[in-house]
Amino acid sequence: MITVGVFTAIYFVVFFACGMLGYIPIFMLLIPFICPFVAGIPFMLYLTKIKRFGMVTITGLICGILMLITGMSWPPIFTGLGFGLIADFILKSGNYQSSKKTITAYTVFSVWLMGMMLPLYFMRDSYFAAMVPTYGQEYVDALMSYTPTWSFFALTALTILGGFCGALIGKSVLKKHFKKAGMA
Amino acid sequence: MIELKNVSFSYSQGQKENGLHNINLTIRQGEVVLLCGESGCGKTTLTRLINGLIPNYYEGSLTGQILINDQAIHKLQIYETAKMVGSVFQNPRSQFFNVDTTSELAFGCENRGLPAEEINRRIAETVSDFKIDMLMDRSIFQLSGGEKQKIACASVSTCHPDIFVFDEPSSNLDIAAIEDLRKLIELWKSKGKTIIIAEHRLYFLRELVDRVLYMKSGRIEKEFTAKQMKMMNLAELSSMGLRPLSLESLTRDKKNVAQRWEDVYLSNFVFSYKNITPAIKIDLLTVPKGNIVAVIGHNGAGKSTFARCLCGLEKSCKGTLDLCGEICKRRDRLRRCYMVMQDVNHQLFTESVLDEILLSMGEADTAKAESILSSLDLLPMKDLHPMSLSGGQKQRVAIASAVASEKEIILFDEPTSGLDLRHMREVSDSLKQLQQMGKTLFIISHDLELILGSCTHVLHFEKGSVIDSYPLDDIGENKIMSFFIRNAQEPADNVNSLCI
Amino acid sequence: MQKELMQSKRTPSAFVLDPRTKILLVFIGSTILIAGSAGGVMNVIRPALALLPLLLFLMIGRFKTTIKFALIYAAAYLMELYLIPLTSGLIGFLIVALSGIFTRFIPGLAIGYYLVSTTTVSEFIASMERMHVPQSIVIPFAVMFRFFPTVGEESRAIGDAMRMRGIGFSVFFKNPMAMLEYRLVPMMMSTVKIGEELSAAALTRGLGSPVKRTNICKIGFGIHDIILSIVAIAAFIGFLLF
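About the criteria used
- Residues numbered from 1 in each chain as written.
- Chains lettered and ligands numbered in written order.
- Predicted model: local features only at pLDDT ≥ 70, side-chain atom pairs only at ≥ 80, totals over all residues.
- Helix = DSSP H or I, 4+ residues; strand = E, 2+ residues; numbered from the N terminus.
- Buried ≥ 20, exposed ≤ 12 C-beta atoms within 10 Å, placed from the backbone.
- Pairing = 2+ DSSP bridges.
- Contact = placed C-beta atoms within 7 Å.
- Nonpolar A, V, L, I, M, F, W, Y, C, P; charged D, E, K, R; others polar.
- pLDDT = per-residue confidence, 0-100.
- Domains from an automatic or database assignment.
- Axes fitted to C-alpha atoms, helices over the stretch in contact; angles between N-to-C directions.
- Parallel < 35°, antiparallel > 145°, perpendicular 65-115°, else oblique.
- Left-handed = near helix turned anticlockwise from the far one by under 90°.

A. Local environment of the overall build of chain C. Each helix and strand counted, chain C has 9 helices and 0 strands in total. Start at the N end of chain C and walk to the C end: the helices and strands fall as α-α-α-α-α-α-α-α-α. Here chain C holds 242 residues, and the buried ones make up 45% of them.

Here it is, written out as structure tokens:
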């Protein structure tokens, strides 16, 4: 239980620190890649310490709740919970020993952050409808064309890529440092 | 009553500590027992047997029986053992679970499901016993090391165990805090508790222990009564690798003579945290170059802050360093000074000892790096990961990277906290080596033995200013002895303490 | 914000809310404010909710915070109002997105900040235990809050060590991965080690016992809680209906 708390703290801090980069408009679109990529390093260490079911789920849930508290809406709670659960199942199926399964588990888990983007896409209709009176239908139409539904999937793909690369980097850092130091 | 019958243990995961072999031991109710010996002798492992961390937390193969009041605790869950045994550990920073002090005191009782009124009553009782009223309802992060350790002790105390186990509790504490710790142990002893202490620093326990167990390589080699131990002289203790029993018996190394050819001048060092009062205020300080300078003072006097300012780490600290005619402002100071920090883990970055040394060098020169390693007895470990080494070895790696950096001024923040006699002497030798290379060293320490063994000059800090600066000759020796011994007897009131 | 993210002292104040009420407000506030639906009573409810944290801060006397948030609101709102019609194309899109994010998330953030800065960790834990949240979630939460400052401390110390050893931007440009490694690995090692020592210390004080944990924190509902809960639930119902 304490392990969950410690690693969730590390993961969230690293994740959030990367997320802060996103306030620079250009980087905003890269967040789905950068955050899982960098946060992969602590998370892979975490995964080596997991021997029981449910730990990743709890981490996902806590991250979701933290997202809510920092004002980012509630869908991350469900995505955190959901993807965490899937990740836990993947880990369990490999009996907590399989290297490939750990990589898969993290990649899948990383998708939880798309929960933050959900409101931007699924509430779009009402969002844009609300803008019509202020900005005019034409403008809104143009805007809608800039954020087609497919971009949601593009970002999800980016997240998966980021998660995968992050898992690989995490694994190599594990081998280089933590295994040699006797901590993993 | 605690009994260990034919207990042997070895760690499963190849930990740095060795195991135990054939331990047979009986400790009566109310006894105060000291476990001593060199690093790695097994005293920590023995304490873990008593508080249940072995086999519940540290895995390994255990044979034999461990009984407390005829109960086989090695078969119990650790929360059961926790009702009988309370534990205080070495590092004040990593023992507290909560963020505020009051909750921390309640923690153990809350875990046992005691009703709130009972918990509050126990907290009030402990607070009055320990006289820690002004520490209540505060953030633990803002306490000093000694205060944190007091809270750790109080937190254990509210659970009302009969047995207390201490694992090197004084390692990270200064003289005044050690005196406070001694008083706590005295209090518990007077209440008839059984106390087991594994320690390097023996002097503060001299009047408290009943029995002393000297361990070596996982066995209890010798056993003394307190009386027998007090009759031993310095040479005998030294041969066993033990630190002296009293501070007064220490003398300085007279071969260490302070040379004074050139001076280093520090001027106009002013620095403050967000408060209005400056944390550091030095108008002009003259320090002899090429000396090993001890920096002493109470907790919170500003020693660590001074080191950080001198080193150039504090951005808002203005001040200049005059190094043989060269005026150094902050950025220059950053380039000319190197600091070996208190927590060595903060400054090891690479995956092998050799890489660590190469990191400090501007131009990677493997041959030179290896020669530095061999001079510090580290060559056999050059391919090992720095974090896999023992505390003493890591310290030497940090010193090696200081040497490799070729910077002229090197600062050490508590280099020997938690080190046993042999390792402390190794550090002392390394310091002298560095001095012979012409470097100027500043050592922040409350290890009197280290200071007397290697330092040639003393700076005494108080409230951010240097109140005294003297060479460590005969007069200086008296001054520094009186400072340490006075503090061992009447600790100062640390109201304004900053974190260590 | 303080180093610790959450309070550690209980600041006495006449206006005290039970942590559970605050959590309710955060939930409902976030949900409504982000959805951004149009029309009807929502045009009144949304701005009202956005102003709620300002009111809450005023009630506890934190004027500076109130003003800070008010200014941020104003900036975001003005940006939405004036900048957007002036720009077009990709930049326009980015600005719309940015200001949209700001106006949507900042009020939620404000309520969240209120929760975090007026609740001690112990109160938070106590309220979760009261709500029968299982130990396996409460304990990690507690540990996590306790570790945030530790991660910060370790990180800062390591940053200092890096500066002192001359590992700075030059390394970053030559080898960014190495920089990442230097920044993260020691912090992780240090933090994990502290975590291990903490586990040992907590276990020797009885953590993990199957007995139900008690808590000395006093929390409970008062009149303010009831009023605000009713307001929040009413707003939520309004949200659902429209």
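B. Representation of the pairing of strand β9 (residues 211-216) of chain B. Residues and elements named next belong to chain B. As paired strands, strand β3 (residues 32-36) and β9 are joined by 4 bridges and run parallel to one another. By the bridge assignment, L35 is partnered in β9 with L213. Sheet analysis places β9 next to strand β10 (residues 219-225), joined by 6 bridges and oriented antiparallel. Note that in β10 the partner of V212 across the bridge is F224. Adjacent in sequence and paired antiparallel, β9 and β10 are bridged by 2 residues, among which S217 carries a positive phi angle near 50 degrees.

C. Inspection of the interface of chain B and chain A at higher detail. Counting residues at the interface gives 4 residues for chain B, matched by 5 residues for chain A. Broken down by class, the residue content of the side of chain B that touches chain A amounts to 1 nonpolar, 2 polar and 1 charged.

D. A look at the pairing of strand β13 (residues 292-297) of chain B. Residues and elements named next belong to chain B. Burial of β13 is extensive: 6 of the 6 residues sit out of reach of the surface. Both faces of β13 are covered, namely the face carrying I292, A294 and I296 and the face carrying V293, V295 and G297. The pairing of β13 with strand β18 (residues 440-444) spans 4 bridges and is parallel. The residue of β18 that forms the bridge with V293 is F442. Examined bridge by bridge, β13 and strand β19 (residues 457-462) share 5 bridges and lie parallel to one another. Following the sheet pairing, I296 is matched in β19 by H460.

E. Fine view of the confidence of the model for chain C. On average, chain C scores 75 in pLDDT, and the residues at 70 or more come to 75%. Here the complex is predicted with pTM 0.83, and the ipTM for its interfaces comes to 0.84.

F. Main features of the domain arrangement of chain B. Residue and element names in this part refer to chain B. The domains assigned to chain B are domain 1 (2-249) and domain 2 (263-489). Per-element tally for the side of domain 1 that touches domain 2: the top contributor is helix α7 (residues 175-190), with 4 residues. Taken together, the residues of the side of domain 1 that touches domain 2 sort by class into 6 nonpolar, 9 polar and 7 charged.

G. Main features of the packing of helix α4 (residues 55-69) of chain A against helix α5 (residues 75-93) of chain A. Residues and elements named next belong to chain A. Packing of α4 against α5 brings their axes to within 7 Å, and their N-to-C directions diverge by 165 degrees. Considered as vectors, α4 and α5 are oriented roughly antiparallel to each other. In the packing of α4 onto α5, the handedness of the crossing is right-handed. For the pair α4 and α5, contact is made by V56, T57, T59, G60, L61, C63, G64, I65, M67 and L68 and by P76, I77, T79, G80, L81, F83, G84, L85, A87, D88 and L91, respectively.

H. Spotlight on the sheet that holds strand β20 (residues 465-471) of chain B. Residues and elements named next belong to chain B. The strand order across the open sheet built from 6 strands is β16-β17-β18-β13-β19-β20, with neighbouring strands paired in mixed fashion. Of all the strands in the sheet, just β16 (337-340) and β20 have a single pairing partner and so form its edges. Within this sheet the neighbouring strands show an average axis-to-axis angle of 20 degrees, counted without direction. Running over the sheet, helix α10 (residues 303-311) touches β13, β16, β17 (409-413), β18 and β19 and is turned about 155 degrees from β17.

I. How the structure looks around unusual backbone geometry. All names here are of chain B. With an omega of 5 degrees, the peptide bond between I54 and P55 qualifies as cis. Positive phi outside glycine occurs at D70, with the angle close to 70 degrees. If you trace the backbone, D70 turns up in the loop between β4 (60-68) and β5 (71-72). Its identity as a non-glycine residue notwithstanding, E406 has a phi of 60 degrees, on the positive side. Tracing the backbone through its elements, the reader meets E406 in the loop between α14 (391-405) and β17. Given 13 C-beta atoms within a 10 Å radius, E406 is considered partly exposed.

J. Representation of the interface of chain C and chain B in the model. Taken residue by residue, the interface counts 41 residues in chain C and 51 residues in chain B. Elements with a contribution of two residues or more to the side of chain C that touches chain B: α5 (121-130), α6 (135-164) and α8 (176-203) of chain C. Per-element accounting of the side of chain C that touches chain B gives the leading share, 11 residues, to α8 of chain C. Residues that form the side of chain C that touches chain B fall into these classes: 20 nonpolar, 10 polar and 11 charged.

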